[in-house]
Amino acid sequence: MVFERIPAEKVDSTVLGDSLKLPCGRVAKNRFLKSAMTEKIFTWTDHPNTRGHPTQRIISMYEKWGAGGFGVVVTGNIVCHPTMLEAAGNAVVTKENANSRLMDLHRKWTTGIKAYGSLAVAQITMGGRQTPYAIDPEPYSASDVQLIDAMGINKFGKPKSLTVEQIKNDIVPRFVYAAKFLKETGWDGVQIAAAHGYLLSQFISPTTNKRTDQYGGPIENRMRIVLEVYEAIRKEIPKVYWIHRLKTEDAVTSAALLDKAGFDFVEVSGGSMEDWGFKHREKESTRRREAYFLEFSEKIRPMLKSSVLYVTGGFRTVKGMVDAVNSGATQGIGLARPSAAEPDLPNKILSHEAYSAPDSKFPQNEHVVSLLAASSQLWHMGSHSLAQVHDPTADLPDFSVPEEAAKYQKDLGAYFGDYIAKVQRDEPVYGTFNYVPYLTA
Ligand SMILES: Cc1cc2nc3c(=O)[nH]c(=O)nc-3n(C[C@H](O)[C@H](O)[C@H](O)COP(=O)(O)O)c2cc1C
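Residues numbered from 1 in each chain as written. Predicted model: local features only at pLDDT ≥ 70, side-chain atom pairs only at ≥ 80, totals over all residues. Heavy atoms only, no water.

Per an unreviewed UniProt entry, the protein goes by NADH:flavin oxidoreductase/NADH oxidase N-terminal domain-containing protein and derives from Caenorhabditis auriculariae.

Right, here's the structure in full:
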(Lines give C-alpha, C1' and ligand atoms only; values in the text may rest on other atoms or scores of the structure.)
Protein backbone atom coordinates (compact mmCIF):
# COMPACT_ATOMS: atom_id res chain seq x y z
CA MET A 1 0.00 0.00 0.00
CA VAL A 2 1.25 3.42 -0.93
CA PHE A 3 -0.23 6.40 0.91
CA GLU A 4 0.29 8.96 -1.87
CA ARG A 5 1.73 8.90 -5.38
CA ILE A 6 3.34 11.70 -7.39
CA PRO A 7 0.53 13.47 -9.27
CA ALA A 8 0.62 12.16 -12.84
CA GLU A 9 -1.37 11.95 -16.02
CA LYS A 10 -2.93 8.56 -16.78
CA VAL A 11 -1.22 7.28 -19.93
CA ASP A 12 -1.22 3.87 -21.56
CA SER A 13 1.75 1.88 -20.23
CA THR A 14 1.58 -0.93 -22.80
CA VAL A 15 4.89 -0.05 -24.49
CA LEU A 16 6.69 -0.61 -21.17
CA GLY A 17 5.49 -4.22 -21.20
CA ASP A 18 7.18 -4.94 -24.54
CA SER A 19 10.05 -7.39 -24.31
CA LEU A 20 13.60 -6.45 -25.31
CA LYS A 21 15.79 -8.89 -27.19
CA LEU A 22 19.49 -8.56 -26.52
CA PRO A 23 22.18 -9.30 -29.13
CA CYS A 24 23.16 -12.50 -27.27
CA GLY A 25 19.62 -13.81 -27.81
CA ARG A 26 18.35 -13.43 -24.26
CA VAL A 27 15.08 -11.61 -23.74
CA ALA A 28 14.15 -9.17 -20.99
CA LYS A 29 10.42 -9.66 -20.48
CA ASN A 30 9.67 -5.92 -20.26
CA ARG A 31 11.38 -2.51 -20.21
CA PHE A 32 11.98 -2.23 -16.47
CA LEU A 33 15.40 -2.61 -14.90
CA LYS A 34 15.94 -2.51 -11.16
CA SER A 35 19.11 -0.45 -10.97
CA ALA A 36 22.12 -1.10 -8.79
CA MET A 37 21.83 -0.09 -5.15
CA THR A 38 24.59 -0.94 -2.70
CA GLU A 39 23.11 -2.99 0.15
CA LYS A 40 25.97 -3.04 2.73
CA ILE A 41 24.46 -5.98 4.61
CA PHE A 42 26.57 -8.88 3.42
CA THR A 43 28.83 -10.45 6.04
CA TRP A 44 31.58 -8.15 7.27
CA THR A 45 34.68 -9.30 9.15
CA ASP A 46 38.18 -7.96 9.66
CA HIS A 47 39.54 -10.73 7.50
CA PRO A 48 39.20 -10.39 3.70
CA ASN A 49 38.61 -14.14 3.31
CA THR A 50 35.32 -14.14 5.19
CA ARG A 51 33.80 -10.93 3.90
CA GLY A 52 30.94 -10.38 1.53
CA HIS A 53 28.79 -13.50 1.83
CA PRO A 54 25.02 -13.07 1.18
CA THR A 55 22.78 -13.03 4.26
CA GLN A 56 19.14 -14.20 4.50
CA ARG A 57 18.11 -10.54 4.47
CA ILE A 58 19.69 -10.16 1.00
CA ILE A 59 17.96 -13.24 -0.35
CA SER A 60 14.57 -12.13 0.99
CA MET A 61 15.06 -8.61 -0.39
CA TYR A 62 15.85 -9.72 -3.93
CA GLU A 63 12.86 -12.12 -4.22
CA LYS A 64 10.63 -9.05 -3.97
CA TRP A 65 12.05 -7.41 -7.11
CA GLY A 66 11.74 -10.68 -9.00
CA ALA A 67 8.11 -11.07 -7.94
CA GLY A 68 7.54 -7.34 -8.46
CA GLY A 69 7.85 -7.60 -12.23
CA PHE A 70 11.28 -6.21 -13.16
CA GLY A 71 12.52 -7.55 -16.51
CA VAL A 72 16.11 -7.18 -15.30
CA VAL A 73 17.31 -7.08 -11.70
CA VAL A 74 20.81 -5.66 -11.18
CA THR A 75 22.57 -6.10 -7.83
CA GLY A 76 24.36 -3.44 -5.86
CA ASN A 77 28.07 -3.46 -6.41
CA ILE A 78 29.78 -6.83 -5.98
CA VAL A 79 33.42 -6.16 -5.25
CA CYS A 80 35.95 -8.42 -6.93
CA HIS A 81 38.94 -7.30 -4.87
CA PRO A 82 39.65 -8.36 -1.26
CA THR A 83 40.27 -4.87 0.15
CA MET A 84 39.09 -2.23 -2.34
CA LEU A 85 35.48 -2.26 -1.17
CA GLU A 86 33.01 0.58 -1.57
CA ALA A 87 31.71 0.00 1.97
CA ALA A 88 31.86 -2.49 4.82
CA GLY A 89 29.10 -4.98 4.10
CA ASN A 90 29.50 -5.08 0.30
CA ALA A 91 29.13 -8.37 -1.55
CA VAL A 92 32.59 -9.74 -2.35
CA VAL A 93 33.64 -12.41 -4.83
CA THR A 94 37.37 -13.13 -4.93
CA LYS A 95 39.57 -16.17 -5.01
CA GLU A 96 40.31 -15.43 -1.33
CA ASN A 97 36.71 -15.56 -0.03
CA ALA A 98 35.10 -18.07 -2.44
CA ASN A 99 34.17 -21.53 -1.21
CA SER A 100 31.29 -23.97 -1.68
CA ARG A 101 29.17 -22.16 0.90
CA LEU A 102 29.49 -18.88 -1.03
CA MET A 103 28.46 -20.74 -4.20
CA ASP A 104 25.38 -22.20 -2.49
CA LEU A 105 24.34 -18.77 -1.18
CA HIS A 106 24.69 -17.19 -4.63
CA ARG A 107 22.62 -20.02 -6.15
CA LYS A 108 19.89 -19.38 -3.58
CA TRP A 109 20.08 -15.65 -4.31
CA THR A 110 19.76 -16.03 -8.12
CA THR A 111 17.00 -18.64 -7.81
CA GLY A 112 14.87 -16.14 -5.88
CA ILE A 113 15.39 -13.37 -8.44
CA LYS A 114 14.63 -15.62 -11.41
CA ALA A 115 11.54 -17.35 -10.00
CA TYR A 116 9.20 -15.00 -11.88
CA GLY A 117 11.22 -14.70 -15.09
CA SER A 118 13.54 -11.74 -14.37
CA LEU A 119 17.08 -11.76 -15.70
CA ALA A 120 19.58 -11.65 -12.81
CA VAL A 121 22.57 -9.40 -13.38
CA ALA A 122 25.53 -8.94 -11.03
CA GLN A 123 27.27 -5.57 -10.98
CA ILE A 124 31.03 -6.07 -10.62
CA THR A 125 33.36 -3.37 -9.43
CA MET A 126 36.33 -2.29 -7.33
CA GLY A 127 36.33 0.80 -5.14
CA GLY A 128 39.75 2.14 -6.14
CA ARG A 129 40.33 5.55 -4.54
CA GLN A 130 36.67 5.54 -3.41
CA THR A 131 37.45 2.83 -0.82
CA PRO A 132 36.87 4.11 2.74
CA TYR A 133 40.13 4.87 4.57
CA ALA A 134 39.18 2.56 7.43
CA ILE A 135 38.96 -0.39 5.04
CA ASP A 136 42.02 0.29 2.89
CA PRO A 137 44.12 3.40 3.64
CA GLU A 138 46.28 2.87 0.55
CA PRO A 139 44.07 1.76 -2.33
CA TYR A 140 45.00 1.79 -6.00
CA SER A 141 43.64 4.01 -8.72
CA ALA A 142 44.50 5.10 -12.26
CA SER A 143 46.68 7.87 -10.78
CA ASP A 144 47.49 9.20 -7.32
CA VAL A 145 44.64 11.73 -7.21
CA GLN A 146 43.03 11.65 -3.77
CA LEU A 147 39.25 11.76 -3.35
CA ILE A 148 37.85 14.56 -1.24
CA ASP A 149 34.28 13.84 -0.17
CA ALA A 150 32.00 16.66 -1.33
CA MET A 151 30.03 16.35 1.92
CA GLY A 152 33.18 16.51 4.05
CA ILE A 153 32.17 13.41 6.01
CA ASN A 154 33.92 10.41 4.49
CA LYS A 155 37.66 9.86 4.53
CA PHE A 156 39.73 8.32 1.72
CA GLY A 157 43.44 7.52 1.52
CA LYS A 158 45.81 8.82 -1.12
CA PRO A 159 45.74 6.17 -3.83
CA LYS A 160 48.72 4.60 -5.54
CA SER A 161 48.84 4.47 -9.30
CA LEU A 162 48.45 0.95 -10.72
CA THR A 163 51.37 -0.30 -12.78
CA VAL A 164 50.70 -1.83 -16.20
CA GLU A 165 51.80 -5.18 -14.77
CA GLN A 166 49.29 -4.90 -11.90
CA ILE A 167 46.49 -4.04 -14.33
CA LYS A 168 47.23 -7.02 -16.52
CA ASN A 169 48.16 -9.60 -13.88
CA ASP A 170 45.95 -8.69 -10.95
CA ILE A 171 43.08 -6.30 -11.73
CA VAL A 172 41.86 -7.79 -15.02
CA PRO A 173 42.15 -11.44 -13.83
CA ARG A 174 40.13 -10.59 -10.70
CA PHE A 175 37.22 -9.35 -12.83
CA VAL A 176 37.48 -12.57 -14.86
CA TYR A 177 37.49 -14.73 -11.72
CA ALA A 178 34.34 -13.05 -10.42
CA ALA A 179 32.54 -13.31 -13.78
CA LYS A 180 33.24 -17.05 -13.96
CA PHE A 181 32.07 -17.60 -10.39
CA LEU A 182 28.89 -15.61 -11.04
CA LYS A 183 28.11 -17.47 -14.24
CA GLU A 184 28.49 -20.79 -12.42
CA THR A 185 26.14 -19.70 -9.65
CA GLY A 186 23.22 -18.74 -11.86
CA TRP A 187 23.69 -15.09 -12.78
CA ASP A 188 22.46 -14.34 -16.31
CA GLY A 189 25.04 -11.64 -16.82
CA VAL A 190 27.41 -9.16 -15.27
CA GLN A 191 27.38 -5.42 -15.41
CA ILE A 192 30.82 -3.83 -15.51
CA ALA A 193 30.42 -0.81 -13.28
CA ALA A 194 32.11 2.14 -14.88
CA ALA A 195 30.10 4.99 -13.39
CA HIS A 196 29.76 6.69 -10.00
CA GLY A 197 33.47 7.21 -9.43
CA TYR A 198 34.66 3.62 -8.88
CA LEU A 199 37.95 2.17 -10.16
CA LEU A 200 37.06 1.77 -13.84
CA SER A 201 35.54 5.22 -14.02
CA GLN A 202 38.72 6.55 -12.35
CA PHE A 203 40.46 5.38 -15.55
CA ILE A 204 37.78 6.83 -17.84
CA SER A 205 37.68 10.28 -16.23
CA PRO A 206 40.49 12.73 -17.09
CA THR A 207 40.10 14.24 -13.61
CA THR A 208 41.41 11.06 -11.99
CA ASN A 209 43.46 9.63 -14.85
CA LYS A 210 46.71 11.56 -15.32
CA ARG A 211 48.58 8.67 -16.93
CA THR A 212 50.86 9.10 -19.91
CA ASP A 213 51.03 5.40 -20.89
CA GLN A 214 48.58 3.38 -23.01
CA TYR A 215 45.87 3.75 -20.29
CA GLY A 216 45.91 7.55 -20.25
CA GLY A 217 45.32 10.46 -22.64
CA PRO A 218 42.61 10.17 -25.31
CA ILE A 219 39.30 8.49 -24.48
CA GLU A 220 40.30 5.39 -26.48
CA ASN A 221 43.20 4.90 -24.03
CA ARG A 222 41.16 5.74 -20.93
CA MET A 223 38.59 3.13 -22.00
CA ARG A 224 41.30 0.52 -22.60
CA ILE A 225 41.02 -1.17 -19.19
CA VAL A 226 37.25 -1.60 -19.58
CA LEU A 227 37.69 -3.23 -22.98
CA GLU A 228 40.52 -5.42 -21.65
CA VAL A 229 38.31 -6.61 -18.81
CA TYR A 230 35.56 -7.31 -21.31
CA GLU A 231 37.79 -9.18 -23.75
CA ALA A 232 39.46 -11.24 -21.01
CA ILE A 233 36.07 -12.37 -19.73
CA ARG A 234 34.79 -13.04 -23.25
CA LYS A 235 37.75 -15.34 -23.82
CA GLU A 236 36.77 -17.45 -20.79
CA ILE A 237 32.99 -17.24 -21.19
CA PRO A 238 32.26 -16.98 -24.91
CA LYS A 239 28.52 -16.37 -24.84
CA VAL A 240 27.97 -14.22 -21.81
CA TYR A 241 25.39 -11.54 -21.45
CA TRP A 242 26.94 -8.15 -20.99
CA ILE A 243 26.11 -4.78 -19.75
CA HIS A 244 28.19 -1.76 -19.20
CA ARG A 245 27.33 1.12 -16.97
CA LEU A 246 28.49 4.30 -18.51
CA LYS A 247 29.32 7.69 -17.14
CA THR A 248 28.04 10.59 -19.14
CA GLU A 249 31.49 12.08 -19.58
CA ASP A 250 32.91 11.08 -22.98
CA ALA A 251 29.79 9.00 -23.27
CA VAL A 252 29.28 9.22 -26.99
CA THR A 253 32.74 7.96 -27.97
CA SER A 254 32.77 5.29 -25.29
CA ALA A 255 29.32 4.07 -26.34
CA ALA A 256 30.59 3.54 -29.88
CA LEU A 257 33.60 1.59 -28.55
CA LEU A 258 31.35 -0.60 -26.38
CA ASP A 259 28.93 -1.32 -29.18
CA LYS A 260 31.79 -2.29 -31.48
CA ALA A 261 33.26 -4.57 -28.79
CA GLY A 262 29.94 -6.43 -28.52
CA PHE A 263 28.33 -5.35 -25.23
CA ASP A 264 24.70 -6.49 -25.01
CA PHE A 265 23.56 -3.40 -23.30
CA VAL A 266 24.66 -0.08 -22.03
CA GLU A 267 23.08 1.67 -19.06
CA VAL A 268 23.52 5.41 -18.76
CA SER A 269 23.56 6.97 -15.32
CA GLY A 270 25.84 9.36 -13.48
CA GLY A 271 26.97 10.98 -10.27
CA SER A 272 29.82 10.35 -7.87
CA MET A 273 30.97 11.42 -4.44
CA GLU A 274 32.42 14.59 -5.96
CA ASP A 275 29.47 15.46 -8.13
CA TRP A 276 26.15 14.00 -7.10
CA GLY A 277 24.32 13.56 -10.38
CA PHE A 278 21.25 11.79 -9.02
CA LYS A 279 19.30 14.98 -9.04
CA HIS A 280 17.65 17.15 -11.54
CA ARG A 281 20.00 19.35 -13.46
CA GLU A 282 18.88 22.89 -13.09
CA LYS A 283 17.70 23.17 -16.69
CA GLU A 284 13.98 23.46 -17.10
CA SER A 285 14.01 21.17 -20.17
CA THR A 286 15.55 18.35 -18.10
CA ARG A 287 13.08 18.90 -15.31
CA ARG A 288 10.19 18.66 -17.72
CA ARG A 289 11.46 15.44 -19.22
CA GLU A 290 11.95 13.88 -15.79
CA ALA A 291 14.97 11.65 -16.41
CA TYR A 292 18.35 13.32 -15.80
CA PHE A 293 20.37 11.93 -18.68
CA LEU A 294 18.06 11.92 -21.70
CA GLU A 295 20.09 14.60 -23.47
CA PHE A 296 23.09 12.26 -23.33
CA SER A 297 21.15 9.19 -24.26
CA GLU A 298 19.78 10.87 -27.37
CA LYS A 299 23.36 11.40 -28.56
CA ILE A 300 24.43 7.90 -27.57
CA ARG A 301 21.55 6.00 -29.14
CA PRO A 302 22.67 6.53 -32.78
CA MET A 303 26.14 5.17 -31.85
CA LEU A 304 24.64 1.85 -30.78
CA LYS A 305 24.22 -0.45 -33.75
CA SER A 306 23.38 -3.54 -31.74
CA SER A 307 23.72 -2.80 -27.98
CA VAL A 308 20.45 -2.06 -26.20
CA LEU A 309 20.22 1.23 -24.27
CA TYR A 310 18.85 1.74 -20.74
CA VAL A 311 18.69 5.07 -18.96
CA THR A 312 18.53 5.39 -15.18
CA GLY A 313 17.99 8.41 -12.97
CA GLY A 314 14.91 10.47 -12.28
CA PHE A 315 12.12 8.40 -13.83
CA ARG A 316 9.07 8.74 -11.60
CA THR A 317 5.93 8.79 -13.78
CA VAL A 318 4.56 6.45 -16.42
CA LYS A 319 4.20 9.42 -18.74
CA GLY A 320 7.92 10.26 -18.39
CA MET A 321 8.88 6.63 -19.05
CA VAL A 322 6.52 6.13 -21.99
CA ASP A 323 7.58 9.44 -23.60
CA ALA A 324 11.27 8.51 -23.25
CA VAL A 325 10.73 5.13 -24.93
CA ASN A 326 8.43 6.49 -27.64
CA SER A 327 10.83 9.34 -28.46
CA GLY A 328 13.62 6.83 -29.04
CA ALA A 329 15.85 8.38 -26.34
CA THR A 330 16.02 5.00 -24.57
CA GLN A 331 14.73 1.46 -24.89
CA GLY A 332 14.74 0.50 -21.22
CA ILE A 333 13.91 2.29 -17.99
CA GLY A 334 16.17 1.94 -14.95
CA LEU A 335 14.66 2.57 -11.52
CA ALA A 336 16.65 2.73 -8.29
CA ARG A 337 14.98 4.76 -5.51
CA PRO A 338 11.42 4.02 -6.73
CA SER A 339 12.27 0.31 -6.68
CA ALA A 340 13.39 0.59 -3.05
CA ALA A 341 10.13 2.33 -2.14
CA GLU A 342 7.96 -0.09 -4.08
CA PRO A 343 9.56 -3.30 -5.37
CA ASP A 344 6.43 -4.26 -7.33
CA LEU A 345 6.03 -0.92 -9.13
CA PRO A 346 6.46 -2.55 -12.62
CA ASN A 347 3.55 -4.93 -11.98
CA LYS A 348 1.38 -2.06 -10.78
CA ILE A 349 2.29 0.10 -13.79
CA LEU A 350 1.64 -2.67 -16.29
CA SER A 351 -1.72 -3.50 -14.71
CA HIS A 352 -2.67 0.23 -14.74
CA GLU A 353 -2.92 0.30 -10.97
CA ALA A 354 -0.17 2.96 -10.69
CA TYR A 355 0.85 5.88 -12.90
CA SER A 356 3.75 7.12 -10.80
CA ALA A 357 6.13 6.30 -7.96
CA PRO A 358 5.33 7.04 -4.30
CA ASP A 359 5.48 10.76 -3.54
CA SER A 360 8.13 10.83 -0.83
CA LYS A 361 7.79 13.88 1.36
CA PHE A 362 11.47 14.75 1.61
CA PRO A 363 12.41 18.23 0.41
CA GLN A 364 12.78 18.28 -3.37
CA ASN A 365 16.27 17.43 -4.59
CA GLU A 366 17.32 16.45 -1.08
CA HIS A 367 19.34 13.69 -2.67
CA VAL A 368 21.42 12.69 0.37
CA VAL A 369 18.30 12.06 2.46
CA SER A 370 16.58 10.26 -0.40
CA LEU A 371 19.62 8.02 -0.96
CA LEU A 372 19.83 7.11 2.71
CA ALA A 373 16.09 6.57 2.89
CA ALA A 374 16.26 4.15 -0.04
CA SER A 375 19.10 2.35 1.67
CA SER A 376 17.01 2.02 4.86
CA GLN A 377 14.08 0.73 2.81
CA LEU A 378 16.33 -2.01 1.40
CA TRP A 379 17.16 -3.16 4.91
CA HIS A 380 13.46 -3.36 5.79
CA MET A 381 12.62 -5.10 2.51
CA GLY A 382 14.76 -8.05 3.57
CA SER A 383 13.07 -8.47 6.98
CA HIS A 384 10.79 -11.30 5.83
CA SER A 385 10.71 -13.65 2.87
CA LEU A 386 7.99 -13.30 0.28
CA ALA A 387 6.44 -16.55 1.49
CA GLN A 388 6.03 -14.96 4.94
CA VAL A 389 4.50 -11.65 3.88
CA HIS A 390 3.16 -12.20 0.30
CA ASP A 391 3.02 -8.44 -0.40
CA PRO A 392 6.50 -7.21 -1.56
CA THR A 393 5.91 -3.81 0.08
CA ALA A 394 4.79 -5.26 3.43
CA ASP A 395 7.89 -4.41 5.50
CA LEU A 396 8.65 -1.02 4.02
CA PRO A 397 8.47 2.38 5.68
CA ASP A 398 6.34 4.55 3.36
CA PHE A 399 7.89 8.00 3.02
CA SER A 400 4.86 9.32 1.17
CA VAL A 401 3.33 9.54 4.67
CA PRO A 402 4.41 13.03 5.89
CA GLU A 403 4.93 11.89 9.51
CA GLU A 404 7.14 9.02 8.33
CA ALA A 405 9.34 11.32 6.24
CA ALA A 406 9.56 13.82 9.13
CA LYS A 407 10.54 11.15 11.68
CA TYR A 408 13.14 9.75 9.30
CA GLN A 409 14.84 13.12 8.88
CA LYS A 410 14.78 13.69 12.62
CA ASP A 411 16.22 10.25 13.45
CA LEU A 412 18.87 10.65 10.78
CA GLY A 413 20.63 13.23 12.99
CA ALA A 414 21.60 10.63 15.59
CA TYR A 415 22.63 8.11 12.93
CA PHE A 416 24.85 10.70 11.25
CA GLY A 417 26.47 11.57 14.58
CA ASP A 418 27.37 7.94 15.10
CA TYR A 419 28.52 7.58 11.47
CA ILE A 420 30.84 10.60 11.66
CA ALA A 421 32.28 9.45 14.99
CA LYS A 422 33.16 6.07 13.47
CA VAL A 423 34.78 7.66 10.41
CA GLN A 424 36.82 9.92 12.69
CA ARG A 425 37.99 6.90 14.70
CA ASP A 426 38.95 5.21 11.39
CA GLU A 427 36.41 2.47 12.03
CA PRO A 428 34.55 0.90 9.11
CA VAL A 429 30.84 1.76 9.05
CA TYR A 430 28.91 -1.44 8.48
CA GLY A 431 25.36 -1.58 7.17
CA THR A 432 22.62 0.97 6.69
CA PHE A 433 20.56 3.09 9.03
CA ASN A 434 18.13 0.58 10.55
CA TYR A 435 15.36 3.09 10.96
CA VAL A 436 12.41 2.34 13.27
CA PRO A 437 9.30 3.45 11.32
CA TYR A 438 6.85 5.97 12.72
CA LEU A 439 3.90 3.76 11.90
CA THR A 440 5.23 0.89 13.99
CA ALA A 441 7.28 2.80 16.60
C1 LIG B 1 20.86 3.58 -1.94
C2 LIG B 1 21.51 3.67 -3.30
C3 LIG B 1 22.64 2.90 -3.57
C4 LIG B 1 23.24 2.93 -4.84
N5 LIG B 1 24.28 2.08 -5.11
C6 LIG B 1 24.78 1.97 -6.37
C7 LIG B 1 25.71 0.94 -6.70
O8 LIG B 1 26.07 0.09 -5.88
N9 LIG B 1 26.19 0.93 -7.96
C10 LIG B 1 25.78 1.83 -8.91
O11 LIG B 1 26.26 1.75 -10.04
N12 LIG B 1 24.86 2.77 -8.62
C13 LIG B 1 24.33 2.85 -7.40
N14 LIG B 1 23.33 3.77 -7.12
C15 LIG B 1 22.83 4.67 -8.20
C16 LIG B 1 21.53 4.15 -8.81
O17 LIG B 1 21.73 2.93 -9.51
C18 LIG B 1 20.89 5.16 -9.76
O19 LIG B 1 21.75 5.39 -10.84
C20 LIG B 1 20.54 6.50 -9.08
O21 LIG B 1 19.93 6.28 -7.82
C22 LIG B 1 19.56 7.32 -9.94
O23 LIG B 1 18.37 6.59 -10.21
P24 LIG B 1 16.96 6.88 -9.45
O25 LIG B 1 16.63 8.32 -9.70
O26 LIG B 1 15.99 5.93 -10.10
O27 LIG B 1 17.17 6.61 -8.00
C28 LIG B 1 22.73 3.78 -5.85
C29 LIG B 1 21.60 4.58 -5.56
C30 LIG B 1 20.98 4.51 -4.31
C31 LIG B 1 19.74 5.32 -4.06
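Further remarks concern the overall build of the protein. When its secondary structure is counted, the protein shows 15 helices and 13 strands. Here the C-alpha radius of gyration of the protein, 20 Å, is about what a compact globule of 441 residues would show, namely 22 Å. A total accessible area of about 16700 Å² is found for the protein, and carbon and sulfur atoms account for 53% of it. Taking the average place of the 52 positive charges on the side chains of the protein and the average place of its 50 negative ones, the gap between the two points comes to 3 Å. (Helix = DSSP H or I, 4+ residues; strand = E, 2+ residues; numbered from the N terminus. Rg over C-alpha atoms; globule rule 2.2 N^0.38 Å. Areas by Shrake-Rupley, 256 points an atom, 1.4 Å probe, with all protein chains shown as cover. Lys, Arg positive; Asp, Glu negative; His and termini not counted. Charge placed at Lys NZ, Arg CZ, Asp CG, Glu CD.)

Turning next to the packing of helix α1 (residues 56–67) against helix α2 (residues 100–114). Close contact between α1 and α2 brings their axes to 7 Å; oriented N to C, the two are set at 25°. With respect to each other, α1 and α2 are oriented roughly parallel. With respect to the hand of their crossing, α1 and α2 are arranged in right-handed fashion. Residues Gln56, Ile58, Ile59, Tyr62, Glu63 and Gly66 of α1 form the contact with α2, whose participating residues are Leu105, Lys108, Trp109, Gly112 and Ile113. (Axes fitted to C-alpha atoms, helices over the stretch in contact; angles between N-to-C directions. Parallel < 35°, antiparallel > 145°, perpendicular 65-115°, else oblique. Left-handed = near helix turned anticlockwise from the far one by under 90°. Contact = heavy atoms within 4.5 Å.)

Okay, the packing of helix α3 (residues 164–184) against helix α6 (residues 224–236) next. For the pair α3 and α6, the least separation of the axes is 9 Å and the interaxial angle reads 50°. The orientation of α3 with respect to α6, classified from their angle, is oblique. Considering only the axes of α3 and α6, their crossing is right-handed. Between α3 and α6, the contacting residues are Ile167, Lys168, Ile171, Val172, Phe175, Val176, Ala179 and Lys180 on the first element and Ile225, Glu228, Val229, Ala232, Ile233 and Glu236 on the second. Partitioned by chemical class, the residues of the contact of α3 with α6 number 10 nonpolar, no polar and 4 charged. (Nonpolar A, V, L, I, M, F, W, Y, C, P; charged D, E, K, R; others polar.)

Of the positions making up helix α7 (residues 251–261), those classed as buried are Ala251, Ser254, Ala255, Leu258 and Asp259. Down the axis of α7, the buried side of the element spans an arc of 140°, and every buried residue falls inside it. (Buried < 20%, exposed > 50% of the residue type's maximum accessible area, 1.4 Å probe, protein only. Arc of directions from axis to C-beta.)

Regular strands have side chains that alternate between both faces of the sheet. Every second residue of strand β11 (residues 265–268) is oriented toward a common face, with Phe265 and Glu267 on one face and Val266 and Val268 on the other, all of them buried. Pairing analysis gives 4 bridges linking β11 to strand β12 (residues 308–312), with the strands arranged parallel. Across the sheet, Val268 pairs through a bridge with Val311, a residue of β12. (Pairing = 2+ DSSP bridges.)

Here we come to the pattern of salt bridges. According to the stated counting rule, one finds 20 salt bridges in the structure shown. When the shortest N-O distance is used, the salt bridge between Lys160 and Glu138 registers 3.9 Å. Of this pair, Lys160 sits in strand β8 (residues 160–161) while Glu138 sits in the loop between β6 (119–125) and β7 (140–141); the two residues are 22 residues apart in sequence, bridging distant segments of the chain. Glu138 gets classed as partly exposed once you look at its relative accessible area, which sits at 49%. Each of the salt bridges in this network shares a partner with another, and the network as a whole consists of Arg5, Glu342, Asp344 and Lys348. (Salt bridge = Lys/Arg side-chain N within 4 Å of Asp/Glu carboxyl O.)

It is worth spelling out the packing of aromatic side chains at this point. One pass over the structure, following the stated rule, counts 19 aromatic pairs. Arranged with centres 6.4 Å apart and planes meeting at 45°, the rings of Tyr415 and Phe416 form a pair that is tilted. Take Phe416: its relative accessible area is 23%, and that puts it in the partly exposed class. Residues Tyr415 and Tyr419 carry aromatic rings whose centres are separated by 6.0 Å and whose planes lie at 55° to one another, so their mutual orientation is tilted. In this pair, Tyr415 and Tyr419 are both assigned in helix α15 (residues 402–424), 4 residues apart and thus about one turn of the helix distant. The class of Tyr415 is buried, set by a relative accessible area of 15%. With relative accessibility at 19%, the residue Tyr419 sits in the buried group. (Phe/Tyr/Trp six-rings, centres within 6.5 Å; stacked < 30°, edge-to-face > 60°.)

As for its position among the elements, Thr208 is in the loop between α4 (199–204) and α5 (219–222). Thr208 gets classed as buried once you look at its relative accessible area, which sits at 4%. For Thr208, the side chain forms a polar contact with the main-chain oxygen of Gln202, separated by 2.8 Å. Those residues in contact with Thr208 that sit more than four places away from it in its chain are Arg129, Ala142, Ser143, Val145, Ser201 and Gln202. (Polar contact = N/O pair within 3.5 Å; in protein donor to acceptor, adjacent residues only side chain to side chain.)

Moving on, we get to the side chain of Gln191. Secondary-structure assignment places Gln191 in strand β9 (residues 189–193). Among the polar contacts listed, one links the side chain of Gln191 to the side chain of Glu267, at a separation of 2.6 Å.

On to the nonpolar core. Counting residues in each nonpolar core, the largest one holds 92 residues, and the members touching the most others are Leu16, Trp65, Trp109, Phe175, Leu182, Ile225 and Phe315. Broken down by element, this core gets its largest block of residues, 9 residues, from α3. Sequence-distant contacts of Leu182, defined by excluding residues within four places in its chain, comprise Ile78, Val93, His106, Ala122, Ile124, Trp187 and Val190. Within the second largest apolar cluster, 14 residues are counted, among which are Phe362, Tyr408, Tyr419 and Val423. (Core = buried A, V, L, I, M, F, W, Y, C linked by side-chain atoms within 4.5 Å.)

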